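Here's the letter readout for the chains.
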There are 2 protein chains.
Amino acid sequence: MSTTSKENYLKAIYNYQSLESDTATTSNLANYLNVSNAAISDMAKKLSDIGLITYEKYKGMELTSKGEKIALNVIRRHRLWELFLMKVLELKWSEVHDEAEQLEHHTSEALIDQIDKFLNFPDFDPHGHPIPKKNGLLPKYPKTLLLSNAELNRNYVFVRVNDRESELISFLTNLGLILNTNLTVKEKFSFDESIVVRINDRNISLSKKVSENMYVQLI
Amino acid sequence: MSTTSKENYLKAIYNYQSLESDTATTSNLANYLNVSNAAISDMAKKLSDIGLITYEKYKGMELTSKGEKIALNVIRRHRLWELFLMKVLELKWSEVHDEAEQLEHHTSEALIDQIDKFLNFPDFDPHGHPIPKKNGLLPKYPKTLLLSNAELNRNYVFVRVNDRESELISFLTNLGLILNTNLTVKEKFSFDESIVVRINDRNISLSKKVSENMYVQLI
DNA sequence: TTATAAAATTAAGCATGCTTAAATATATTT
DNA sequence: AAATATATTTAAGCATGCTTAATTTTATAA
């Protein structure tokens, strides 16, 4: 039985599994999902019992192919909703994530396929994340790097942003910093890891918190 | 705290309150919501505690104005979603009710207002039910009667259908019996309360079960 | 390598929203 | 009006998904 809660756990595990820099530990998941560590251990047992993850106490957990399939499906629903809400229903860039977070758990396959079709089978959501296809495959997309890891004085294009914090999205909106904007890192300050980027002939200072949630691509 | 379950109870109570023929009794609600009578009593206490209904043991319950406001809001979300799903996303007449039943509990006010606007503030859903406005008022609509109560050989137009059973909607679809179809009752059989109606020069037999879920209006 | 710190798990408990079975109140029949 | 039937409520219990506190395992440091 895949409940809203279980779908969110699977999504979170998928998320950590697809990072090179971090893994799906109990603490990470607890932090990500805003629940206690105990809740994670608890759920790990349940998800393991129903064959959606493998789990060895104190060792860690991993999605089974069945679990990954569900995770990708939820992510598909989320990202299609985000794009639909923005393009068709004109919700704000900073609003669509939270709205999709709800809708993703209450959308039939028939409906999501119609949304997919309506949008002409898009590859990316409004935050630049790839949208899993009906068959579960992700569209191909070029390698990206974190803006926080970008080199000085090279030309990049802003292609993706983590959207879990709507305040960050509002912040970027106010700066006019939308996807596909070109930028160059002009300075990096080691004391607080903030950076100065040049966009559209303007210099803008971005905190570490901001730059490590933005992804860029070398032009 | 208005949960999915509470919203469904409020909707059910509202539904029975707006019938002349029946009332919001424990048994009726239990039957409508597919739960035990005990569950109704249980929830009645809770809804009463948070001020959404008045409730006197063994006497019955009634929505407070606060409860009615929530009920109408859920109904608004339901009916707007139904119309949107059908008109924009091309879901079938028989599918939209069940889908809306889920979405209605997970839709922000900002989103539902955008849907309302997108549809140009419609008055009726695809099953002929009036859509509560943002201010909570229902659009005016003419008196209707149950097809099962219609008189012989008079001209009616089919204007509304109860949509809780998707099988009924599929059945009508297959007959080509859509809203705004003109019809005349040609015969009534007392032994099973079935009727014969004439639509588009065709005679069709409808069971009691069907005719008492269809609403018509005299032309 | 042993002590200590950090991470993970278990135990006990809680709220929500159900269930069935038993008890009680109301309605109907005789 | 008493007996019976029906409707409603209460009691006890269960699953889900959390919590905090205590315990156990693993990692880190002296």
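So, here's what we can say about the structure. (Residues numbered from 1 in each chain as written. Chains lettered and ligands numbered in written order. Predicted model: local features only at pLDDT ≥ 70, side-chain atom pairs only at ≥ 80, totals over all residues. Heavy atoms only, no water.)

### Here we look at the nonpolar core
By size, the foremost hydrophobic cluster in this structure holds 32 residues, and its most contacted members are W81 of chain A together with W81 of chain B. At the level of elements, α4 (65-87), α5 (96-103) and α6 (109-118) of chain A together with α4 (65-87), α5 (96-103) and α6 (109-118) of chain B are the ones that each hand at least two residues to this core. Filtering out sequence-adjacent residues up to four positions away, W81 of chain A remains in contact with A100, L103, E104, T107, L111, I112 and I115 of chain A together with W81 and L103 of chain B. (Core = buried A, V, L, I, M, F, W, Y, C linked by side-chain atoms within 4.5 Å. Buried < 20%, exposed > 50% of the residue type's maximum accessible area, 1.4 Å probe, protein only. Helix = DSSP H or I, 4+ residues; strand = E, 2+ residues; numbered from the N terminus. Contact = heavy atoms within 4.5 Å.)

### Remarks on the sheet that holds strand β4 (residues 155-161) of chain B
Residues and elements named next belong to chain B. Overall, antiparallel pairing links the six strands, which are arranged β3-β8-β4-β5-β6-β7 in an open sheet. Only two strands of the sheet have a single neighbouring strand rather than two, namely β3 (145-146) and β7 (202-206). Pairing of β3 with strand β8 (residues 214-218) involves two bridges; the strand directions are antiparallel. Bridge pairing in β8 places L145 opposite V216. (Pairing = 2+ DSSP bridges.)

### Concerning the protein's contact with DNA strand D
Taken together, the neighbourhood of DNA strand D is formed by 23 residues, with T3 and S36 of chain A together with S27, Y55 and K57 of chain B sitting nearest. The side chain of S5 of chain A places a nitrogen or oxygen atom 2.9 Å from a phosphate oxygen of DNA strand D. K6 of chain A is positioned such that a nitrogen or oxygen atom in its side chain is 2.7 Å from a phosphate oxygen of DNA strand D. Of all the secondary structure elements, the ones that give two or more residues to the surface near DNA strand D are α1 (4-17) and α3 (37-49) of chain A together with α2 (26-33) and α3 (37-49) of chain B. A class-by-class count of the residues in the surface near DNA strand D yields nine nonpolar, eight polar and six charged. (Near = heavy atom within 4 Å. Polar contact = N/O pair within 3.5 Å; in protein donor to acceptor, adjacent residues only side chain to side chain. Nonpolar A, V, L, I, M, F, W, Y, C, P; charged D, E, K, R; others polar.)

### Examining the pairing of strand β8 (residues 214-218) of chain A
When strand β4 (residues 155-161) of chain A meets β8 of chain A, the two strands line up antiparallel, connected through five bridges. Its bridge partner being in β8 of chain A, Y156 of chain A is matched across the sheet by L218 of chain A.

### A closer look at the protein's contact with DNA strand C
Of all residues adjacent to DNA strand C, which total 23 residues, the nearest are S27, Y55 and K57 of chain A together with T3 and S36 of chain B. The protein-proximal atoms of DNA strand C, defined as those within 4 Å of the protein, are 78% sugar or phosphate. T26 of chain A is positioned with one of its side-chain polar atoms (N or O) 3.1 Å from a phosphate oxygen of DNA strand C. Y58 of chain A is positioned with one of its backbone polar atoms (N or O) 2.8 Å from a phosphate oxygen of DNA strand C. Looking at the surface near DNA strand C, the elements that each hand over two or more residues are α2 (26-33) and α3 of chain A together with α1 (4-17) and α3 of chain B.

### Comments concerning unusual backbone geometry
Residues and elements named next belong to chain A. Backbone geometry at N34 places phi at a positive 60 degrees, although glycine is not the residue there. Residue position: N34 is located in the loop between α2 and α3. Judged by relative accessible area, which is 71%, N34 ranks as exposed. Residue F121 is not a glycine yet carries a positive backbone phi of 50 degrees.

### A short note on the packing of α1 of chain A against α4 of chain A
Residue and element names in this part refer to chain A. The geometry of α1 relative to α4 is characterised by a closest axis approach of 9 Å and an angle of 95 degrees between their N-to-C directions. Taken together, α1 and α4 sit at an angle that is classed as roughly perpendicular. Between α1 and α4, the residues in contact are E7, L10, K11 and Y14 and G67, E68, I70, A71, L72, V74, I75, R77 and H78, respectively. Each residue belonging to the contact of α1 with α4 can be placed in one class, and the counts come to seven nonpolar, two polar and four charged. (Axes fitted to C-alpha atoms, helices over the stretch in contact; angles between N-to-C directions. Parallel < 35°, antiparallel > 145°, perpendicular 65-115°, else oblique.)

### Some words on the interface of chain B and chain A
Of the residues lining the interface, 17 residues belong to chain B; the matching set on chain A comes to 17 residues. Here chain B packs against chain A, burying approximately 1600 Å² in sum over the two surfaces, 68% of which is carbon and sulfur. In terms of surface lost to chain A, no three residues of chain B exceed L89, H106 and L111 of chain B, which account for 35% of the buried area on that side. Taken together, the links from chain B to chain A amount to zero salt bridges. At the junction of chain B with chain A, the criterion picks out five residue pairs in polar contact (both at pLDDT 80 or more). If you list the elements that add at least two residues to the side of chain B that touches chain A, you get α4, α5 and α6 of chain B. The element that contributes the greatest number of residues to the side of chain B that touches chain A is α6 of chain B, accounting for four residues. Here the side of chain B that touches chain A is composed, by residue class, of ten nonpolar, five polar and two charged. (Buried area = accessible area lost by both parts, 1.4 Å probe. Salt bridge = Lys/Arg side-chain N within 4 Å of Asp/Glu carboxyl O.)

Fair warning: the whole summary comes from geometry, so function is off the table for now.
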